[in-house]
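# Examining the three-dimensional arrangement
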There are 2 protein chains.
Amino acid sequence: MGGPEVERLIGLLARLPGLGPRSARRATLRLLQDPAARMLPLANALLSAAQSVRPCTQCGNIDSTDPCAICADPSRDTGLICVVENVGDVWALERAHVHAGRYHVLGGTLSPIAGIGPDDLNVGPLLSRIAAGGVGEIILALPATVDGATTAHWLTDKLRPLGVTLTRIGQGMPIGGALDVLDDGTLAAALGARRAV
Amino acid sequence: MGGPEVERLIGLLARLPGLGPRSARRATLRLLQDPAARMLPLANALLSAAQSVRPCTQCGNIDSTDPCAICADPSRDTGLICVVENVGDVWALERAHVHAGRYHVLGGTLSPIAGIGPDDLNVGPLLSRIAAGGVGEIILALPATVDGATTAHWLTDKLRPLGVTLTRIGQGMPIGGALDVLDDGTLAAALGARRAV
């Protein structure tokens, strides 16, 4: 329907996370209602983002500047680095305004099944940042999955000899959570992470 | 996060139906993972669709050819025209393979609240098609809403003198539906549309 150009657009939109064939059709119809006001701005935004955006050579975050705005911000604590899996994690922590230091984006987690080994992770620049001095604490904020835990163990072994404090983010019941809907793994983690009141 | 270009892209994607700020961020992150393979094809698809696609001067459908592929298809019944509100309705009927005739897209329904009057609907070309002869039946497939019913009544008054058979699509229980989940309006329509078995 709508010719090959429209079919192709629907196919590409349907590949985005959160959109399927049905919602991609609805989105395309909305765009087609006013091509000049809706399609061209989106096309131009895609082109300019694709041209301007690059990974930060220091931390692996994505930005239109290198070093990225976070690495370049003098008001942020250079001695505190939060290690995350991907750029989406940086965005999530930034939205929550809970981290006053900087970041390091690994770009993945170790995964034998997906064929991701140590060489595929952005670790070299992290070691350089630590070697350059001034880093007091590394916070591991990796996903609470098998691959995330494997990566955290491997990274701990690698960073321990460098004389920085290593921490990892807490695990347990989410704020607003109720005990009876938590999975067994979270319940075990919450009990294991109990603290004196 | 990610610079002004990325923020702008997220903002534009978030305006698409089916996407909100959160899923627009996820979609943008996916696109940023490989700009050359993901962003540029989407930008080009948007540009070529915006350039190639136009409304069919006969029926109001959207296609890269004018007349559209449906109007130009000699195997379709020229004597049977299904009147729908918008292009999405054409796509839905075409996906279901239930209509062997042609279409006419009104581009909206009469709505005093939204300020849509008779002059805003694509009715002139429909009258011309009927005046040109050969049209035996007009099927009104307008939405089962107040505005849709108003439009159907108004269109019936306009088309009745032209000597074509006027029908409207059936209303009642959807296939696969169960009585106890239907709303009152559908139940009333289903009872009103009962037929002898």
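This section reports on the structure supplied with the text. The shown structure was predicted, so the numbers you read here are calculated from the model rather than taken from an experiment.

A separate point is the pattern of salt bridges. Between side chains of opposite charge, a pair can form as their charged atoms come close. Residues and elements named next belong to chain A. All told, the structure shown has two salt bridges over all chains when counted by the stated rule. A salt bridge links Glu 94 to Arg 76, with the shortest nitrogen-to-oxygen separation between them at 2.8 Å. With Glu 94 in helix H5 (residues 87-96) and Arg 76 in the loop between helix H4 (69-72) and strand E3 (77-84), this pair connects stretches of sequence that are 18 residues apart. Here Glu 94 and Arg 76 have matching classes, each one buried.

Our next topic: the relation of the copies chain A and chain B. A rotation about some axis, followed by a shift along it, carries one copy of the chain onto the other. Each copy of the sequence occupies a distinct position, and chain A is placed on chain B by a rotation of 180° and an axial shift of 0.0 Å, giving an RMSD of 0.1 Å. Within this description, the copies of the chain are treated as partners about a two-fold rotation axis. Among all residues of chain A, the one whose C-alpha sits closest to the rotation axis is A:Ala43, at a distance of 2.1 Å. Counting the interface residues of chain A, we find that 98% of their copies in chain B are interface residues as well, pointing to one common contact surface.

Turning to unusual backbone geometry, a few remarks are in order. Residue and element names in this part refer to chain A. For the bond from Asp 66 to Pro 67, the omega torsion is 0°, close enough to zero to count as cis. As for its placement among the helices and strands, Pro 67 is situated in the loop between strand E2 (62-63) and H4. Non-glycine residue His 97 carries a positive phi angle of around 50°. With respect to the secondary-structure elements, His 97 resides in the loop between H5 and strand E4 (101-105). Overall, the relative accessible area of 71% leaves His 97 in the exposed class.

This part covers the packing of helix H1 (residues 4-14) of chain B against helix H2 (residues 21-32) of chain B. Relative orientation and spacing of two packed helices are given, respectively, by the angle between their axes and the distance between those axes. Residues and elements named next belong to chain B. For the pair H1 and H2, interaxial distance at closest approach is 8 Å and the crossing angle is 125°. Considering their axes alone, H1 and H2 lie oblique with respect to each other. As H1 runs across H2, the sense of the crossing is right-handed. Together, Val 6, Leu 9, Ile 10, Leu 13 and Ala 14 of H1 and Pro 21, Ala 24, Arg 25, Ala 27, Thr 28, Leu 31 and Leu 32 of H2 make up the contact between the two elements. Residues of the contact of H1 with H2, tallied by class, amount to 10 nonpolar, one polar and one charged.

So, how was this worked out
- Residues numbered from 1 in each chain as written.
- Chains lettered and ligands numbered in written order.
- Predicted model: local features only at pLDDT ≥ 70, side-chain atom pairs only at ≥ 80, totals over all residues.
- Heavy atoms only, no water.
- Salt bridge = Lys/Arg side-chain N within 4 Å of Asp/Glu carboxyl O.
- Helix = DSSP H or I, 4+ residues; strand = E, 2+ residues; numbered from the N terminus.
- Buried < 20%, exposed > 50% of the residue type's maximum accessible area, 1.4 Å probe, protein only.
- Least-squares fit on C-alpha atoms with pLDDT ≥ 70 in both.
- Contact = heavy atoms within 4.5 Å.
- Axes fitted to C-alpha atoms, helices over the stretch in contact; angles between N-to-C directions.
- Parallel < 35°, antiparallel > 145°, perpendicular 65-115°, else oblique.
- Left-handed = near helix turned anticlockwise from the far one by under 90°.
- Nonpolar A, V, L, I, M, F, W, Y, C, P; charged D, E, K, R; others polar.

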